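So the chains spell out like this:
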Amino acid sequence: MPSFPKIDSPCPLRWNAAPAAGRDFCSLCRRRVHNLDDLDETQRRALLAGCEETICVAYTVKRSRRIAAAAGLGLAAALSVAAAAEPPADRSPVTAASLLPSPPKPDCPPQNTAEEELVEVMLGGVRNPHEAEWDEASNLPALPALDDDAFLGEAEFGAVPSEPE
């Protein structure tokens, strides 16, 4: 399993893709962002070992999570709507309440679940590259959740600007 450095200074923006070769300059922070996905572990460690200051990195992590199957969600939604409606005059409130699903028992596994694979872009800085903590991709902590306004249209990855001659 590949390992990556832990990001200790998360990017304040939410990116839906990692930078590509030749388009790895962040227009917001005006720094190069190194995509570690195409490097093997030896190359990743060498890159960080050669840095004296904070380095911005990006990589993708695949995570899986268990989700309720669609049939189970539809049934639960239908039952909750039926239970929230006022019971007809010919039914007692006790009968209407019996339509609610009972909570799962602690010793029963959840029913109708499936695994979904999520791809998460990890992007941010590693402040002390020589002392970076490394871990397997599946064990890395999730970056802090961001508000929807963290998507800023004016920030993009582009080519490194050329020096004025």
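Here is what the cut-offs are and how they apply
Every residue gets a number counted from 1 within its own chain, in the order that chain's sequence is written. Whole-chain, interface and lining totals are the exception, using all residues; otherwise, since this is a predicted model, local features are given only for residues with pLDDT of at least 70 and side-chain atom pairs are given and counted only at 80 or more. Neither water nor hydrogens contribute to the side-chain values; these are computed over all heavy atoms in the structure. Should a side-chain nitrogen of Lys or Arg be within 4 Å of a carboxyl oxygen of Asp or Glu, the pair is scored as a salt bridge. Strands are runs of DSSP state E lasting at least two residues, helices are runs of H or I lasting at least four, and both sets are numbered from the N terminus onward. Relative accessibility thresholds used throughout: buried, under 20% of the residue-type maximum; exposed, over 50%; partly exposed, between the two (1.4 Å probe, protein chains only). To pair, rings of Phe, Tyr and Trp, with the six-membered ring standing in for Trp, must have centres within 6.5 Å; the planes then decide the type, stacked if under 30 degrees apart, edge-to-face if over 60, and tilted in the middle. Note on geometry: a ring has a charge over it if NZ (lysine) or CZ (arginine) is within 6 Å of the ring centre and within 35 degrees of the ring normal.

A. Inspection of the pattern of salt bridges at higher detail. Enumeration over the complete set of coordinates arrives at 3 salt bridges. Residue Lys 6 pairs with Glu 133 through a salt bridge whose shortest N-O separation is 3.4 Å. On the criterion of sequence distance, the pair formed by Lys 6 in the loop between β1 (3-5) and β2 (9-10) and Glu 133 in the loop between β6 (113-126) and β7 (134-136) is long-range, its members being 127 residues apart. On the basis of relative accessible area, Lys 6 is assigned to the partly exposed category, the value being 27%. Notably, a salt bridge pairs Arg 45 with Glu 41, separated by 3.1 Å at the nearest N-O pair. Of this pair, Arg 45 and Glu 41 both sit in helix α1 (residues 41-49), separated by 4 residues, roughly a single helical turn.

B. View of the packing of aromatic side chains. Under the counting rule described, the total for this entry stands at 2 aromatic pairs. Taking the centre distance of 4.1 Å and the plane angle of 20 degrees together, the rings of Trp 15 and Phe 157 count as stacked. With a gap of 142 residues between them, Trp 15 in the loop between β2 and β3 (25-26) and Phe 157 in strand β8 (residues 157-158) connect regions that are remote in the sequence. The aromatic ring of Phe 4 is capped on one face by Arg 44, whose charged end is 4.3 Å from the ring centroid.

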